[in-house]
Amino acid sequence: LRFPQKRWKMLESGKFQSIWWSESRKCVAINKDLFEVEVLGREGQQVFHTQKIKSFMRQLNAYGFTKMQRNFQKSASLPEFLAEEAAASAHSQILYYFNPSFNRAHPWLLEACKRR
């Protein structure tokens, strides 16, 4: 399978906790630290031909995926602001990637997801 098909199959399998569809089902969310252990660190059963997250991200870029920023609204009150900062810190290990041809609602677009 090509790289995009492997990712699609991985997302749809439900076997991995480190990678999932975003709420909009248009982006892929990756928990960086968990992904390194759960997917890239697998001995003997490698999903991808790399063990390094940077190589995996280069593959994403080569297939037209762009990294998305998660924006958090900031509150005026100090307790709410501190709680939001803690949540944002937890989300800092989560990477979001988007490709218009990689959309859960439109699996037929996957064929248009080509290497640059």
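The name recorded for the protein chain in an unreviewed UniProt entry is HSFY1 protein, from Rhabdornis inornatus. Note on the protein chain: under the UniProt heading Sequence similarities (unreviewed entry), the record states "Belongs to the HSF family." In its Subcellular location (unreviewed entry) section, the UniProt record describing the protein chain reads: "Nucleus".

## Quick look at the overall build of the protein chain
Helix and strand counts for the protein chain come out as 4 helices and 4 strands. When the helices and strands of the protein chain are read in sequence order from the N terminus, they spell out α-β-β-α-α-β-α-β. Looking at the protein chain as a whole, 37% of its 116 residues are labelled buried. In the protein chain, once contacts between residues fewer than 6 apart in sequence are set aside, the share between residues at least 24 apart is 61%. Carbon and sulfur atoms make up 52% of the accessible area of the protein chain, which amounts to about 7500 Å² in all.

## What to know about the side chain of S101
Relative to the helices and strands, S101 is located in the segment after β4 (94-98). When neighbours within four sequence positions are excluded, S101 is seen to be in contact with L109, L110, A112 and C113.

## What to know about the packing of aromatic side chains
According to the stated counting rule, one finds 7 aromatic pairs in the structure shown. On the basis of an interplanar angle of 20° and a centroid distance of 5.5 Å, the ring pair of F3 and Y63 is categorised as stacked. In this pair, F3 is assigned in helix α1 (residues 3-13) and Y63 in the loop between α3 (53-62) and β3 (66-68), connecting sequence segments 60 residues apart. No difference in accessibility class separates F3 from Y63, as the two residues are buried. Each member of the aromatic cluster is reached from another via a ring pair, and the members are F3, F35, F56 and Y63. Here R7 stacks its cationic end above the ring of F65, 4.6 Å away from the centre of that ring.

## Notes on α3
For α3, the complete set of buried residues consists of I53, S55, F56, M57, L60 and A62. Against the buried residues of α3 lie α1, β2 (27-31), α2 (32-40) and β4. The positive-phi residue at the C-terminal boundary of α3 is G64, with phi of around 85°.

## A closer look at the environment of Y96
In this structure, Y96 sits in strand β4. Note: C-alpha distance between Y96 and S22 (74 residues apart in sequence) is 7.9 Å.

Reading the values: the criteria
- Residues numbered from 1 in each chain as written.
- Predicted model: local features only at pLDDT ≥ 70, side-chain atom pairs only at ≥ 80, totals over all residues.
- Heavy atoms only, no water.
- UniProt positions renumbered as here; feature names shortened; annotations may be inferred.
- Helix = DSSP H or I, 4+ residues; strand = E, 2+ residues; numbered from the N terminus.
- Buried < 20%, exposed > 50% of the residue type's maximum accessible area, 1.4 Å probe, protein only.
- Contact = heavy atoms within 4.5 Å.
- Areas by Shrake-Rupley, 256 points an atom, 1.4 Å probe, with all protein chains shown as cover.
- Phe/Tyr/Trp six-rings, centres within 6.5 Å; stacked < 30°, edge-to-face > 60°.
- Lys NZ or Arg CZ within 6 Å of the ring centre and 35° of its normal.

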